[in-house]
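# Summary of structural features
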Amino acid sequence: MRLIIAVDGPAAAGKGTLAKSLAASLRLPHLDTGLLYRAVARQMILAGLDPSVDDGERTAQALQPADLLRDDLRVPDIDRGASSVATQPPVRAALLKRQREFATESGAVIDGRDIGTVVFPDADLKFFVTASAGVRALRRYQQLHGASARDEAALSALTAEIEARDRKDAERPVSPLRQADDAVLVETDSMDAGAVLAHALAIVRERFPL
Ligand code: CDP
Ligand code: CDP
């Protein structure tokens, strides 16, 4: 079945993990749109541009598929740089086209901030995945440092960074982070990734019986 499924939510909520596993279960392609914004920020930094000051439009237009495959896209400078370039309307316009083209023929599971509101407002199904900032910071910390790692000072710094980025994403005028009116809210504070996938798959099967 050609389904377009949007997965949005704040930083480190588990959007990518859900979107990837949902796509594998449903045999659909998956696109993590955060990588597009991250790759633009990375290319700008490499070119000596400051993502919080300089215009990223040309960089966004020149983005190549290989730029998304880098494993150095999830570092703090690029977290901040991505949310800066994401406030620029011309950058968003250039990336919008790529995101829409990705899902045209086969359907897809796509995760980001504005997939259900702007990129695919007519998506067949929309999830808004969230959890408290402290839980999300712990998830990101353990993703980076291992499942048993825990350092309270580092965690409170990461919680503050995540809250600042969420605020910036939610308060920007263009395509802010927002739950679409018709999105299914999934609060994941006390759910592991497997439970979130099972819950989402049950909703897909209820709405789209094979
Ligand atoms: O894409 P997003 O930034 O929303 O988050 P992610 O990279 O998919 O997930 C962050 C970390 O949380 C990963 O290590 C996941 O395994 C973990 N996690 C999750 O995805 N879902 C849960 N319900 C619990 C933990
Ligand atoms: O993985 P995490 O949730 O920390 O971030 P991400 O999904 O990789 O997104 C990085 C940044 O890109 C976000 O903080 C947003 O500013 C921006 N972004 C966006 O504006 N719109 C999207 N559809 C995806 C990401």
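These numbers come from a predicted model, not from an experiment. (Residues numbered from 1 in each chain as written. Chains lettered and ligands numbered in written order. Predicted model: local features only at pLDDT ≥ 70, side-chain atom pairs only at ≥ 80, totals over all residues.)

### Details of unusual backbone geometry
Although it is not a glycine, Ala12 sits at a positive phi angle of roughly 60 degrees. Topologically, Ala12 is positioned in the loop between β1 (4-8) and α1 (15-26). For Arg27, which is not glycine, the phi dihedral falls at a positive 55 degrees. Following the sequence through the fold, Arg27 ends up in the loop between α1 and β2 (30-32). We classify Arg27 as exposed; it has 9 C-beta atoms within 10 Å. (Helix = DSSP H or I, 4+ residues; strand = E, 2+ residues; numbered from the N terminus. Buried ≥ 20, exposed ≤ 12 C-beta atoms within 10 Å, placed from the backbone.)

### Digging into the pairing of β1
Counting buried residues in β1 gives five out of five residues, a clear majority hidden from the surface. Of the two faces of β1, the one holding Ile4, Ala6 and Asp8 and the one holding Ile5 and Val7 are both buried throughout. Inspection of the sheet shows β1 paired to strand β3 (residues 108-112) by five bridges, in the parallel sense. Within β3, the residue paired with Ala6 across the bridge is Ile110. Alignment of β1 against strand β4 (residues 125-130), held across four bridges, turns out to be parallel. The partner of Ala6 across the bridge, within β4, is Lys126. (Pairing = 2+ DSSP bridges.)

### Describing the site of ligand 2
Taken together, 15 residues form the shell around ligand 2, and within it Gly34, Tyr37, Ser83, Ala86 and Gly112 come nearest. Put simply, the parts of the chain that give the shell around ligand 2 at least two residues each are α2 (34-46), α4 (76-85) and α8 (152-171). The dominant element in the shell around ligand 2, judged by the number of residues it contributes, is α2, at three residues. Of the residues that make up the shell around ligand 2, three or more belong to each of domain 1 (1-29 + 108-210) and domain 2 (32-102). (Near = placed C-beta within 6 Å. Domains from an automatic or database assignment.)

### Re the nonpolar core
Among the nonpolar cores identified, the biggest contains 33 residues, and Ile5, Val7, Val109, Ile110 and Phe120 are the most heavily contacted of them. The set of elements that each furnish at least two residues to this core consists of β1, α1, β3, α6 (115-119), β4, α8 and α9 (193-207). Counting 15 residues, the second largest nonpolar core, distinct from the first, contains Leu35, Ala39, Met44 and Ala94. (Core = buried A, V, L, I, M, F, W, Y, C linked by C-beta atoms within 7 Å.)

### With respect to the UniProt feature "domain: Cytidylate kinase" (unreviewed entry) in the protein chain
If you check UniProt for "domain: Cytidylate kinase" (unreviewed entry), the listed places come out as residues 5-205 in our numbering. Between the end C-alpha atoms of residues 5-205 there is a gap of 13 Å, over a span that is 53% helix and 11% strand. (UniProt positions renumbered as here; feature names shortened; annotations may be inferred.)

### Side note on the domain arrangement of the protein chain
Along its sequence, the protein chain is carved into domain 1 (1-29 + 108-210) and domain 2 (32-102). The straight-line distance from the C-alpha centre of domain 1 to that of domain 2 is 20 Å. Each side of the interface is counted separately: domain 1 has 14 residues, and domain 2 has twelve residues. Those elements that place two or more of their residues in the side of domain 1 that touches domain 2 are α1, β3, α6 and α8. For the side of domain 1 that touches domain 2, the residue count by class is six nonpolar, three polar and five charged. (Contact = placed C-beta atoms within 7 Å. Nonpolar A, V, L, I, M, F, W, Y, C, P; charged D, E, K, R; others polar.)

### Considerations on helix α7 (residues 133-145)
Along its 13 residues, α7 runs 18 Å from first to last C-alpha, staying within 8% of the 18 Å computed at 1.5 Å per residue. Of the surrounding elements, those touching the buried residues of α7 are α8. One or two positions beyond α7, positive phi appears at Gly146, with a value near 105 degrees. (Expected span 1.5 Å × (residues − 1).)

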